[in-house]
Amino acid sequence: MRLKATIVVGNPKPMSHTLTVAKTLVEKLLDPGHHVLEIIDLADHTDEIFAWPSDEMAALNARVAESDLVVFASPTYKASYTGLLKAFLDRYPTNGLSGVTAIPVHMGGDLTHAMSPTVNLAPLLVELGAVVPGRGFYFVSKQMDRLEEIAGQAAAEYAANLACLAKVASTTVHFPEPVA
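A few points on the structure. Chains are numbered independently. Their residues run from 1 in the order of the written sequence. Residue-level local features of this predicted model are given only where pLDDT is at least 70; pairs of side-chain atoms are given and counted only at 80 or more, and the full residue set underlies all totals for whole chains, interfaces and linings. As a rule here, side-chain values come from all non-hydrogen atoms in the structure, and water together with hydrogens is ignored.

For the chain, the helix and strand inventory stands at 5 helices and 5 strands. We compute the radius of gyration over the C-alpha atoms and compare it with the globule rule, which gives 2.2 Å times the number of residues raised to the power 0.38. In summary, the chain has a C-alpha radius of gyration of 16 Å against a globular reference of 16 Å for 180 residues, a match within 12%. Referenced to the eigenvectors of the C-alpha coordinate spread, the extents of the chain come out at roughly 45 × 40 × 30 Å. The buried label applies to any residue whose accessible area, calculated with a 1.4 Å probe on protein chains only, is under 20% of its type's maximum; exposed applies above 50%, and partly exposed to all values in between. For the chain, buried positions account for 46% of its 180 residues. Of the contacts made within the chain by residues no fewer than 6 positions apart, 80% connect residues no fewer than 24 positions apart. Summed over its atoms, the accessible surface of the chain is roughly 9,300 Å², and 58% of this surface lies on carbon and sulfur atoms. Across the chain, the centroid of the 13 positively charged side chains sits 6 Å from that of the 19 negatively charged ones. Strands here are runs of E lasting at least two residues and helices are runs of H or I lasting at least four, both read from the DSSP assignment and numbered beginning at the N terminus. Throughout, a residue-residue contact means that at least one pair of heavy atoms, one from each residue, lies within 4.5 Å. Throughout, the Shrake-Rupley method with a 1.4 Å probe supplies accessible areas, and for residues the shown protein chains are the sole cover considered. When charges are counted, Lys and Arg contribute as positive and Asp and Glu as negative, whereas His and the chain ends are disregarded. Where a charge lies is defined by one atom per residue type: Lys uses NZ, Arg uses CZ, Asp uses CG and Glu uses CD.

What follows is the structure, given as C-alpha cells:
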C-alpha cells in the first residue's frame, strides 16, 4: 500500500518558498517509493476559489480529503494563515477531513508568530476532523540555507509523534482495520 500525501499551499504567489518548505518537510518525513505526492498550489486556482459552486474546487477538496497525510502550508499573514487557504478550507463540511493526518506549516520573516500554525491553523484542521500529530511547523524565511536541517528536525519530531500514536492505536479495543 502506498501512502497518499498531499501538499496544499495557500501562498498567493505560485511556486513559492512556502511550497519549497512543505515539499522538503514531506521529503524528510516519508520514505521515497512508499508514497505518492500531489501538490495543490492554490495560487493556480484563484479564479475558482471564491466561485460557488465550483466543480474544480470540489474535485480538489475531494482529493485532499482522500489523502492519508496533508501538509497545509501558508505564509504568515497578520499572525495567521492566508485568506486563500481559509477559503479552500471553508468548503469542507464538519468532519470533512476525517481520516486525514494533517500538518500545519507556516513561514514567516522572524519568530514573532512562531506559534501561529499551532494556535491558528491546527484548531481549524482538528475542527474539520483531521488528526494533527503535534505542534505546527514554523519556518523562518531567512533560514532557507538551513532548510534541509530544520525540516529534518521537524520531520523527526513528527515521526516520533506518529510512532507514539501508532503504538496506542494498535492496542485500542476498537482499532479499525487499515484502509487499502
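After that view of the structure, there is still more to cover.
What follows is about the nonpolar core. A general feature of soluble globular proteins is that nonpolar side chains tend to end up buried together. Put simply, a nonpolar core is a bunch of buried Ala, Val, Leu, Ile, Met, Phe, Trp, Tyr and Cys residues held in one set by side-chain atoms that sit within 4.5 Å of each other. The biggest cluster of nonpolar side chains holds 26 residues, and the ones touching the most others in it are Val8, Val64, Phe72, Phe88, Leu89, Leu97 and Leu125. Secondary-structure elements contributing two or more residues to this core are helix 2 (55–65), strand 3 (69–75), helix 3 (83–89) and helix 4 (116–127). With 24 residues, the next largest nonpolar core counts Ala5, Val21, Leu69 and Phe137 among its residues.

Further remarks concern the pattern of salt bridges. A side-chain nitrogen of Lys or Arg and a carboxyl oxygen of Asp or Glu constitute a salt bridge if their distance falls within 4 Å. Summed over all chains, the structure comprises 5 salt bridges. Glu38 is paired through a salt bridge with Arg63; the nearest N and O atoms lie 2.5 Å apart. Placement of the pair is Glu38 in strand 2 (residues 35–41) and Arg63 in helix 2, with a sequence separation of 25 residues. Classification of Glu38 as buried rests on a relative accessible area of 17%. Linking Glu149 and Arg146 is a salt bridge whose minimum nitrogen-to-oxygen distance equals 3.0 Å. The class of Glu149 is partly exposed, set by a relative accessible area of 41%.

Another point: the sheet that holds strand 1 (residues 3–9). Strand pairs in the sheet, formed through backbone hydrogen bonds, run parallel or antiparallel to each other. At least two bridges found by DSSP between two strands is the condition for calling them paired. Spatial strand order, 2-1-3-4-5: 5 strands in an open sheet with parallel pairing. Looking at the sheet topology across the chains shown, the edges are occupied by strand 2 and strand 5 (137–140). The mean inter-strand angle of the sheet, taken between neighbouring strand axes irrespective of direction, is 20°. Bridge count for strand 3 against strand 4 (residues 101–108) is 7 bridges, and the pairing is parallel. Looking at strand 4, one finds that Val70 is bridged to Ala102. Its contacts with the sheet place helix 5 (residues 147–169) against strand 4 and strand 5, and it is angled at close to 175° to strand 5. Note on geometry: axes are C-alpha line fits, over the in-contact stretch for helices, and angles between N-to-C directions span 0 to 180 degrees.

Note that all results are geometric; they support no functional claim without further evidence.
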